[in-house]
Amino acid sequence: SLVRARLHAIANRREDRLVFDLQTAVAATFGYEGISQRKASEALMRRYYWAAKAVTQLNQIMLLNIAERLQPQADQPTRINDRFFEKGGLIDIASDDLYQRDPHAILETFLLYQKTIGVNGLSPRTLRALYNARRVMDSKFRNDHVNHITFMRMLLEPRGITHALRLMNQTSVLGRYLRVFRSIVGQMQHDLFHVYTVDQHILMVLRNIRRFFVAEHAHEYPFCSQLAAGWDKPWVLYVAALYHDIAKGRGGDHSTLGARDVRRFCQQHDIEREDTKLIEFLVTEHLTMSTVAQKQDLSDPEVIGAFAKRVGNERYLTGLYLLTIADIRGTSPRVWNAWKGKLLEDLYRATLRTLGGHMPDAGAEIEARKHDALVQLALYAERFESHKALWETLDVGYFMRHDASEIAWHAKQLSRHVPMRGIPIDPAMPPIVRARLSPIGEGLQVVVYTPDEPDLFVRICGYFDQSSFSIIDAKVHTTSNGYALDTFQIVTAYAPEHYRDLMSMVETGLAKALEEAGPLPAPSKGRVSRRVRSFPINPRISLVPDDKAQRWVLNISASDRAGLLYSVARVLAHHHLNLQLAKVTTLGERVEDSFLISGPELQGQRAQLAIETELLEALAP
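Residues numbered from 1 in each chain as written. Predicted model: local features only at pLDDT ≥ 70, side-chain atom pairs only at ≥ 80, totals over all residues. Heavy atoms only, no water.

Could you clarify how one ought to interpret the overall build of the protein chain in this entry?
When helices and strands are counted, the protein chain shows 29 helices and 12 strands. Taking the principal axes of the C-alpha coordinates as reference, the protein chain spans close to 95 × 60 × 50 Å. Relative to its full complement of 621 residues, the protein chain shows a buried share of 52%. Of the contacts formed within the protein chain by residues at least 6 apart in sequence, a portion of 70% connects residues at least 24 apart. Counting only carbon and sulfur atoms, one obtains 53% of the accessible surface of the protein chain, whose full area is about 29,000 Å². Once the 76 positive and 71 negative side-chain charges of the protein chain are each reduced to a mean point, those two points are 7 Å apart. (Helix = DSSP H or I, 4+ residues; strand = E, 2+ residues; numbered from the N terminus. Buried < 20%, exposed > 50% of the residue type's maximum accessible area, 1.4 Å probe, protein only. Contact = heavy atoms within 4.5 Å. Areas by Shrake-Rupley, 256 points an atom, 1.4 Å probe, with all protein chains shown as cover. Lys, Arg positive; Asp, Glu negative; His and termini not counted. Charge placed at Lys NZ, Arg CZ, Asp CG, Glu CD.)

Written out as structure tokens, the structure reads:
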């Protein structure tokens, strides 16, 4: 009620929602103004979460008590063992002082909750006893070897793991048994990426991993379920999930700190050395695979080789892949998409081949892709060798960056438009734009074939920006005869049933925009979300040469908004920089994009500084 009263006063109207743009002001009235804006709001929300959690616990006990008095159970309690009964689908304790007399029974409660068929909760008497046993769960309780055995038995159970740990968290037992877990209960993450508190995110990741091992959910992510079917110790992944973000909010690298915490857990719980090393690796590297997949060039054998060296073997790779998928899906419903899934699966398969002794062979890989593309072209009933004119203008980089499906589609759509060898570029040739439903997931795949121009990429981005499309991937290629062959993955907020009309609109509208080649349109000024306004991210830029010092890697991080990629493309075009690859990663309302660029202006420090300055201005909210 105090929070609500101050909320009304600050909003100057009735306002019962503790929305983002009011959290900092409300936090200041409780004395949190001495720290940063983000930390102040996070501290307020954590305090609020804890208070709401305590009220919920007491309210649940009271309502169950009332229900029990109003509707007495006709069934007699069924004895489970000397300490517990099953009563109306709830676990009931044999005596009110059970937990004071025998603290081992606390964790046994949740183990029985997992194991006992027909049980769906705890009785009010049990909940009240757990609430009153808070002080029993001290350091002696946490270091008790019997409790360690019971907790590991819970993780080894074939059913009910997620439900039991969620119930342990609701009753505050999990945070008292795992002291480090208690520090992240109710901790908000105002990073425009996570939508859950840290403890809820961790339990969501655990639930996602658990579903990989349940046959009823195999249809959701078949490849993950296939890998899980061959994984011998699911509990290893459960422990890694439980600790992967457990050090959030402490300062420093939470992956390194979490690895130290999980190492201590493994020592206490008598986990074998090899399993401990794997769990520690998963916690330390839980962000690595998504970073490589979404920010680096997966067509580069050196990228795959370096990642393979980092994971070391197939078991570590598979564990990291499953944890990465579960982690991304557990951050926000808006973060995961089929395109990210494809990037991760491509990285997994390429790394697995390398670990199996099949070192990346560009020549063999290209021949395999060409063969598969020819098979698909035969299904299209294309005329014999119709692809030849196009393929003769394409280099190794093209075939390494496109899979067989894309290569076949490009040949089918573009071969008839390729000029004969020796014929110069025709500047009057109308742009060829083709679109199809993305074979990977939602959205469209668009290919553009036209005489190359310095500002071609920025014009394409400008059209997509003005038409309310978001680019999630771009592959830019220039043929040997001077034509641009650019491929884009785009998504939109329009309903999927309208995609056929959108394909026609994109093919006509983008071709017209490129043909007219008028002044570049100004970036759109889309509405910025409340979260972005309240918790803006300071834009960050990294511009470094790649390993071969032939191209440069540009990484940017900023709050998402309409027209952001187009604004970046305008800066690149202004400095005559050639874009070869763009990876656009949207994490909720934050973007982390990577670009592979080249150009003479990158060789001078003064020019680099000018480019970085202009990019920061373009990224500013």
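Sorry, what's going on with empty space enclosed by the protein here?
Over the atoms rolls a probe the size of a water molecule, and in doing so it shows where empty space is left. For the structure on display, the rule yields 4 cavities of 30 Å³ or more. When its volume is computed, the largest cavity comes out at roughly 60 Å³. Classifying every residue of the lining of the largest cavity by side-chain character gives 4 nonpolar, 3 polar and no charged. (1 Å grid on protein atoms, 1.4 Å probe; cavity = no way out; pocket = protein on both sides within 12 Å on 5 of 7 lines; lining within 4 Å. Points joined across faces, edges and corners; volume = space filled by probe spheres on them. Nonpolar A, V, L, I, M, F, W, Y, C, P; charged D, E, K, R; others polar.)

Explain helix H13 (residues 222-229) here, please?
Owing to its 3.6 residues per turn, the α-helix brings residues three or four apart onto one side. Every buried residue of H13 is listed here: Phe223, Cys224, Ser225, Leu227 and Ala228. Along its buried surface, H13 packs onto helix H12 (198-212), helix H19 (314-329) and helix H20 (338-355).

Where do I start with unusual backbone geometry in this structure?
The phi torsion of most residues other than glycine is negative, and most of the peptide bonds are trans. One non-glycine residue with positive phi stands out, namely Ser172, at about 65°. Among the secondary structure elements, Ser172 is positioned in the loop between helix H9 (161-170) and helix H10 (173-177). Ser172 gets classed as buried once you look at its relative accessible area, which sits at 12%. The phi dihedral of His576 falls on the positive side, at around 55°, and the residue is not glycine. Mapped onto the secondary structure, His576 falls in the loop between helix H28 (564-574) and strand S11 (578-587).

What's the story with the packing of helix H5 (residues 104-115) against helix H8 (residues 145-156) in this structure? I'm lost.
What describes two packed helices is the angle between their axes and the distance between those same axes. With their axes 9 Å apart at the nearest point, H5 and H8 run at an angle of 15° to one another. As the angle between them shows, H5 and H8 are arranged roughly parallel. The handedness of the crossing between H5 and H8 is left-handed. Taking contact as the criterion, the partners of His104, Leu107, Glu108, Phe110, Leu111, Gln114 and Lys115 in H5 are, on H8, Val146, Asn147, Thr150, Phe151, Arg153 and Met154. Of the residues belonging to the contact of H5 with H8, the class tally is 6 nonpolar, 4 polar and 3 charged. (Axes fitted to C-alpha atoms, helices over the stretch in contact; angles between N-to-C directions. Parallel < 35°, antiparallel > 145°, perpendicular 65-115°, else oblique. Left-handed = near helix turned anticlockwise from the far one by under 90°.)

How should I be thinking about the packing of aromatic side chains in this particular structure?
Centre distance and the angle of the planes are the two values used to describe a pair of aromatic rings. This structure, assessed with the given rule, holds 17 aromatic pairs. Summarising the aromatic geometry, the rings of Phe213 and Tyr238 are spaced 6.3 Å apart at their centres and angled 80° between planes, so their arrangement reads as edge-to-face. Of this pair, Phe213 sits in the loop between H12 and H13 while Tyr238 sits in helix H14 (residues 234-243), placing them 25 residues apart in sequence. Residue classification places Tyr238 among the buried residues on the basis of a relative accessible area of 2%. With a centroid separation of 5.6 Å and an interplanar angle of 85°, the aromatic rings of Trp391 and Phe399 are classed as edge-to-face. Over the ring of Phe223 we find Arg349, and its NZ or CZ is 4.3 Å from the ring centre. (Phe/Tyr/Trp six-rings, centres within 6.5 Å; stacked < 30°, edge-to-face > 60°. Lys NZ or Arg CZ within 6 Å of the ring centre and 35° of its normal.)

For this particular structure, what's the right way to read the pattern of salt bridges?
Two side chains carrying opposite charge are able to pair once their charged atoms lie near each other. Scanning the model with the defined rule gives 23 salt bridges in all. With its nearest N and O atoms 2.9 Å apart, the salt bridge here joins Glu345 to Arg349. Of the two residues, Glu345 and Arg349 both sit in helix H20, 4 residues apart, roughly one turn of that helix. The class for Glu345 is partly exposed, based on a relative accessible area of 24%. The shortest N-O distance in the salt bridge between Arg369 and Glu365 comes to 2.9 Å. Remark: Glu365 and Arg369 occur in helix H21 (residues 362-379); sequence separation between them is 4 residues, near one turn of the helix. A relative accessible area of 24% places Glu365 in the partly exposed class. (Salt bridge = Lys/Arg side-chain N within 4 Å of Asp/Glu carboxyl O.)

How should I be thinking about the side chain of Arg210 in this particular structure?
Along the chain, Arg210 turns up in helix H12. There is a polar contact of 3.0 Å between the side chain of Arg210 and the side chain of Tyr238. Contacts of Arg210, omitting those with residues within four sequence positions, involve Pro158, Arg159, Ile161, Thr162 and Tyr238. (Polar contact = N/O pair within 3.5 Å; in protein donor to acceptor, adjacent residues only side chain to side chain.)

How should the sheet that holds strand S2 (residues 84-87) be read in this particular structure?
Within a sheet, adjacent strands bond to each other through the backbone by hydrogen bonds, running parallel or antiparallel. Pairing within the open sheet is mixed, and its 4 strands lie in the order S1-S2-S3-S4. At either end of the open sheet lies a strand with only one pairing partner, and these are strand S1 (78-79) and strand S4 (121-122). Strand direction decides the pairing type here: S1 and S2, joined by 2 bridges, are antiparallel. Considered in S2, the bridge of Arg79 is made with Phe85. (Pairing = 2+ DSSP bridges.)

Help me out: how do you make sense of helix H26 (residues 499-516) in this one?
For H26, with 18 residues, the first-to-last C-alpha span of 25 Å sits near the 26 Å given by 1.5 Å per residue. Regarding H26, the residues found buried are Tyr499, Leu502, Met503, Val506, Leu510, Ala511 and Leu514. Looking straight down H26, one finds that the buried residues subtend no more than 145° of arc, so they occupy a single side. For H26, the exposed residues lying more than 90 degrees away from the buried face are Arg500, Asp501, Thr508, Lys512, Glu515 and Glu516. (Expected span 1.5 Å × (residues − 1). Arc of directions from axis to C-beta.)

Help me understand the pairing of strand S6 (residues 444-451), please; the structure alone is not making it clear to me.
Walk down a regular strand and you will see the side chains alternate between the two sheet faces. Extensive coverage of S6 is indicated by the burial of 8 of its 8 residues. As defined by bridge partners, strand S5 (residues 432-437) adjoins S6 across 6 bridges and the pair is classed as antiparallel. Looking at the pairing, Ile432 lines up with Tyr449 of S6. Pairing of S6 with strand S8 (residues 483-491) involves 8 bridges; the strand directions are antiparallel. By the bridge assignment, Gln445 is partnered in S8 with Gln489.

Got a minute to help me understand the packing of H5 against H9 in this structure?
Two elements in contact, H5 and H9, have axes whose closest approach is 9 Å; the angle formed by their N-to-C orientations is 145°. With respect to the hand of their crossing, H5 and H9 are arranged in right-handed fashion. Packed against H5, whose contacting residues are Leu107, Phe110, Tyr113 and Gln114, the element H9 presents Ile161, His163, Ala164, Leu167 and Met168 at the interface. Of the residues in the contact of H5 with H9, the class split is 7 nonpolar, 2 polar and no charged.

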